[in-house]
Amino acid sequence: GTGTTINPTLELLFNGPKLRSFSLSFEFAPVDEDDATASRRIIRFFRQGMAPKRVNTNTIFIGSPNVFRINYRTSGGGNIKGLHRHKICALVACETNFTPDGVYQSYPDRYAGAQPVRTTMTLSFVELTPIFENDYRDKKEEDAGLDDALLDQITFNDIGF
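Residues numbered from 1 in each chain as written. Predicted model: local features only at pLDDT ≥ 70, side-chain atom pairs only at ≥ 80, totals over all residues. Heavy atoms only, no water.

### Notes on the sheet that holds strand E1 (residues 21–28)
Piece 1. With respect to topology, 4 strands assemble into an open sheet ordered E1-E8-E5-E4, the strand pairing being antiparallel. Both edges of this open sheet fall to E1 and strand E4 (67–68), since each of them pairs with a single strand only. (Pairing = 2+ DSSP bridges. Helix = DSSP H or I, 4+ residues; strand = E, 2+ residues; numbered from the N terminus.)

This is the structure in structure tokens:
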């Protein structure tokens with residue numbers, strides 16, 4: 001009747017830093033057998049890279065899967081400063097869709113028997129360390145003990161993480 005409502009007094013509570021997750025999708029449409037072989041090898045690389053490793057012949061202990069450093073690069077090899085950066089990531093899912101149009105279509109391939117006409121691969125990553133404010137200020141990133149030569153400095157022209 002008065003045109004007012006109850007104030008919900010919402011508050012955002014800080015519970016601690018969070019690990020970011022993100023997905024990248026790639027579409028494969030090979031045009032010949034060599035291109036199809038390269039597509040299969042790329043898909044296998046990521047599937048194999050996310051699998052844990054056996055430590056010797058001991059079945060009690062397993063080794064960590066590979067970790068990934070994802071960068072967006074120019075054709076000259078430099079970082080694209082207008083895109084965000086990622087910290088070291090773990091690949092947590094690799095989904096492959098061999099029927100992206102809802103219909104399976106393939107052509108003969110002497111190396112694989114048959115090759116799908118189109119394939120979509122979606123990779124889901126989670127960063128291993130949270131982002132802190134000093135990541136924008138420090139000259140190097142303290143990230144999973146990796147060689148600092150692999151890491152690039154974040155400049156004022158970068159949008160950052």
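### What to know about the pattern of salt bridges
Piece 1. Under the counting rule described, the total for this entry stands at 5 salt bridges.
Piece 2. Between Arg 118 and Glu 27 there is a salt bridge; the shortest N-O distance is 2.7 Å. Linking Arg 118 in the loop between strand E7 (113–116) and strand E8 (119–127) with Glu 27 in strand E1, this pair joins segments that are 91 residues apart in sequence.
Piece 3. The class for Arg 118 is partly exposed, based on a relative accessible area of 23%.
Piece 4. In the salt-bridge network here, residues are joined through shared partners; they are Glu 27, Asp 101 and Arg 118. (Salt bridge = Lys/Arg side-chain N within 4 Å of Asp/Glu carboxyl O. Buried < 20%, exposed > 50% of the residue type's maximum accessible area, 1.4 Å probe, protein only.)

### So, the side chain of Thr 96
Piece 1. Looking at where Thr 96 falls in the secondary structure, it is placed in strand E5 (residues 89–97).
Piece 2. Residue classification places Thr 96 among the buried positions, given a relative accessible area of 19%.
Piece 3. Among the polar contacts made by the side chain of Thr 96, one reaches the side chain of Arg 47 at a distance of 2.8 Å.
Piece 4. Look past the residues within four positions of Thr 96 in its chain and what remains in contact with it is Ile 43, Arg 47, Thr 119, Thr 120 and Met 121. (Polar contact = N/O pair within 3.5 Å; in protein donor to acceptor, adjacent residues only side chain to side chain. Contact = heavy atoms within 4.5 Å.)

### Some remarks on the packing of aromatic side chains
Piece 1. For the structure on display, the rule yields 5 aromatic pairs.
Piece 2. With 5.0 Å between their ring centres and 80 degrees between their planes, Phe 45 and Phe 46 make a pair best called edge-to-face.
Piece 3. Seen in terms of ring centroids, Phe 68 and Phe 125 are 5.8 Å apart; in terms of plane orientation they differ by 75 degrees. Their pairing is edge-to-face. On the criterion of sequence distance, the pair formed by Phe 68 in strand E4 and Phe 125 in strand E8 is long-range, its members being 57 residues apart.
Piece 4. With relative accessibility at 11%, the residue Phe 68 sits in the buried group.
Piece 5. Each residue in the set Phe 22, Phe 45, Phe 46, Phe 68 and Phe 125 is aromatic and connected to the rest through ring pairs, giving one cluster. (Phe/Tyr/Trp six-rings, centres within 6.5 Å; stacked < 30°, edge-to-face > 60°.)

### Notes on the nonpolar core
Piece 1. Phe 22, Phe 46, Ile 70, Leu 91, Met 121, Leu 123 and Phe 125 are the most contacted members of the largest nonpolar core, which has 13 residues in total.
Piece 2. At the level of elements, E1, helix H1 (33–49), E5 and E8 are the ones that each hand at least two residues to this core.
Piece 3. What Leu 123 contacts, discounting residues up to four positions off in sequence, is Phe 22, Ser 23, Leu 24, Phe 26, Phe 46, Leu 91, Ala 93 and Cys 94. (Core = buried A, V, L, I, M, F, W, Y, C linked by side-chain atoms within 4.5 Å.)

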